[in-house]
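Single-letter residue listing:
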Amino acid sequence: MMEAEALESAYALAPHCVSAVVAVGPGGESAVTRLRSAGLKGALIATLGQGSVASAVACMRAGADDVVLKPLRAEDVVERLLQGEPARVERRRSSRENDRPAPATSTTDFCGFLGRSPPMRGLYERIQRVAASAAPVFVTGESGTGKDLCAQAVHARSPRHAGPFVALNCSAIPRELMESEVFGHVRGAFTGAIADRAGAAEAADGGTLFLDEIGEMDLALQAKLLRFLQDGKVRRVGEGRERQVDVRIVCATNRDPVEEVRAGRLREDLFYRLHVLELSMPPLRERGDDVMLLAETFLARFAGEEHRPMPRIGPDAARVLQIRSWRGNVRELQNLMRRIVVLADGPNVPIHLALEGAGADEIARFGSNAVNVVPLPVEAASVEPLALTERRAIERAIATFGGNVAAAAAALELSPSTLYRKRLAWQCA
């Protein structure tokens, strides 16, 4: 069917399902956009001729319910329709009821999250259930897993989505100013208070207040926060009267909250007041293929921002990314992809850049997968010059990584240019 006929049919016939063939590359998703703009409410499956994470993500954001690769089988369409029907029904209902937040259109793009791994699918479902409640939410997870994004998703899916979302990082504010930041102050309450100022609790009235790193809050202020949670009233610093506010609390920490209570850094009564509904953020190392999905997405984004060609992730670089522990989680991956876009010279992601910042254990895993490591004999009875010891170490590292100087340099915590220079000096000696 030609595009003009397809657009007319989408408007006139209101079909239950449409399969749109999408060209791979920038702008390919425009067919999806035009079909949705024409009034198509039914399922829309984008069909790609070849795999491309960036193209798939663009199609989902343009309004596709799912993406499949050619050849397209009828049983695949039926299966995708059955899996996604609840979300499509809810989206059509929301299009008629403006007072409700729009549901997710795909598990690969949920309120800013990217990922279709089982841990992330479970997180999306739990957020949907938790968001509908008015109870406090406690988000836990390692640094860099996206706890702030989770808090925003809870707000966006909640009945309070039209209200304000106010975030406060308790670890970034000096203790002496924290009470003023949370509850506000009046003019003259302390040195520097030149005007009345509402705090985060007032600013979030009718919406959500997100307290990140709650364990960093001073114990005395924790007691005042507990009273606020009990009666919903705030008193600005230096003011006698109280103000009633309606706020839902979402808090987060990258530490074990139970251990924080035992250590006396988090009040037990406050913990039980806040720890009603828990959301646990999965670390990146447990998210399987999401690593490659995120890596491709970040590369495409940063290549556009830096006006540089997008490097391709080859098999070796992909293996490096998949075996890394990602101690900094998504934030570490994001920073690495930006460095790769800026520093990569050729069309592919260099191995030494993919290994940048990796720990010795991760580099060892990559090396042991690449070649059979044969240790050199140790001559314990003799003492050799330091220069010779250095040369043995370098040559052994290069052999371990199958002649890959960049990988050997990363394992030795040296720059590749240093190794090339030393090897050249040995050849000329």
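**Quick notes on the overall build of the protein**
And step 1. Along the backbone of the protein there are 19 helices and 12 strands.
And step 2. Classification of the 429 residues of the protein by burial places 43% in the buried group.
And step 3. The contacts of the protein with a sequence gap of at least 6 include a subset with a gap of at least 24, amounting to 68%.
And step 4. Surface accessibility of the protein: about 22300 Å² in total, with carbon and sulfur atoms responsible for 53%.

**Things to note about the confidence of the model for the protein**
And step 1. Per-residue confidence for the protein gives a mean pLDDT of 79; residues scoring 70 or more make up 71%.
And step 2. Across residues 83-108, where pLDDT falls below 50, the model places 46 contacts with residues more than four positions away in sequence or in other chains.
And step 3. Across residues 369-382, where pLDDT falls below 50, the model places 14 contacts with residues more than four positions away in sequence or in other chains.

**A look at the pairing of strand 5 (residues 165-169)**
And step 1. Here strand 5 shows a buried face lined by V166 and L168 and an unburied face lined by F165, A167 and N169.
And step 2. Pairing of strand 5 with strand 8 (residues 208-212), which is carried by five bridges, proceeds in the parallel orientation. Bridge pairing in strand 8 links N169 to D212.

**Points about the pairing of strand 11 (residues 248-253)**
A regular strand places its side chains so that they alternate between the two faces of the sheet.
And step 1. Counting buried positions along strand 11 gives six out of six residues, so the element sits mostly inside the fold.
And step 2. Burial along strand 11 is two-sided: R248, V250 and A252 and I249, C251 and T253, pointing in opposite directions, are all buried.
And step 3. Of the pairings in the sheet, the one linking strand 4 (residues 137-140) to strand 11 comprises four bridges and is parallel in character. Note on strand 11: the bridge partner recorded for T140 is T253.
And step 4. Bridge count between strand 8 and strand 11: five bridges; the pairing is parallel. Among the inter-strand pairings, F210 is bridged to a residue of strand 11, identified as V250.

**Regarding the sheet that holds strand 8**
And step 1. Spatially, the five strands line up as an open sheet ordered 5-8-11-4-12, and their pairing is parallel. This sheet does not close on itself; its edge strands, each paired only once, are strand 5 and strand 12 (277-280). Shown here is a sheet whose adjacent strand axes are inclined to one another by a mean of 20 degrees, direction ignored.

**Observations regarding the nonpolar core**
And step 1. With 39 residues, the main nonpolar core has I313, L321, L333, M337 and I340 as its most contacted residues.
And step 2. Elements that contribute at least two residues to this core include exactly helix 12 (290-306), helix 13 (315-323), helix 14 (329-343), helix 15 (351-354), helix 17 (386-400) and helix 18 (405-411).
And step 3. The element that contributes the greatest number of residues to this core is helix 12, accounting for eight residues.
And step 4. The residues contacting M337, other than those within four sequence positions of it, are A295, F298, L299, F302 and L321.

**Side note on unusual backbone geometry**
And step 1. The phi torsion at H307 lies on the positive side, around 55 degrees, for a residue other than glycine.
And step 2. Of note, H307 is situated in the loop between helix 12 and helix 13.
And step 3. The phi dihedral of W326 is positive, around 50 degrees, even though this residue is not glycine.
And step 4. By the element assignment, W326 lies in the loop between helix 13 and helix 14.
And step 5. W326 gets classed as buried once you look at its relative accessible area, which sits at 1%.

**Side note on the packing of aromatic side chains**
And step 1. Applying the stated criterion to the full structure yields seven aromatic pairs.
And step 2. Note on F110 and Y124: the rings are 4.7 Å apart at their centroids and 20 degrees apart in plane angle, and the pair reads as stacked. Of the two residues, F110 is situated in the loop between helix 4 (74-96) and helix 5 (118-131) and Y124 in helix 5; the sequence distance between them amounts to 14 residues.
And step 3. For F110, a relative accessible area of 2% gives the class buried.
And step 4. Among the residues examined, Y124 registers a relative accessible area of 4% and is labelled buried.
And step 5. Ring geometry for F138 against F271: centres 6.0 Å apart, planes inclined by 75 degrees, an arrangement best described as edge-to-face. Of the two residues, F138 is situated in strand 4 and F271 in helix 11 (residues 268-274); the sequence distance between them amounts to 133 residues.
And step 6. For F138, a relative accessible area of 1% puts it in the buried group.
And step 7. Taken together, F110, F113 and Y124 form an aromatic cluster joined through their ring pairs.
And step 8. Here R157 stacks its cationic end above the ring of F110, 4.8 Å away from the centre of that ring.
And step 9. When the ring centre of W326 is taken as reference, the NZ or CZ atom of R324 above it lies at 4.6 Å.

Rules of the game
- Residues numbered from 1 in each chain as written.
- Predicted model: local features only at pLDDT ≥ 70, side-chain atom pairs only at ≥ 80, totals over all residues.
- Heavy atoms only, no water.
- Helix = DSSP H or I, 4+ residues; strand = E, 2+ residues; numbered from the N terminus.
- Buried < 20%, exposed > 50% of the residue type's maximum accessible area, 1.4 Å probe, protein only.
- Contact = heavy atoms within 4.5 Å.
- Areas by Shrake-Rupley, 256 points an atom, 1.4 Å probe, with all protein chains shown as cover.
- pLDDT = per-residue confidence, 0-100.
- Pairing = 2+ DSSP bridges.
- Axes fitted to C-alpha atoms, helices over the stretch in contact; angles between N-to-C directions.
- Core = buried A, V, L, I, M, F, W, Y, C linked by side-chain atoms within 4.5 Å.
- Phe/Tyr/Trp six-rings, centres within 6.5 Å; stacked < 30°, edge-to-face > 60°.
- Lys NZ or Arg CZ within 6 Å of the ring centre and 35° of its normal.

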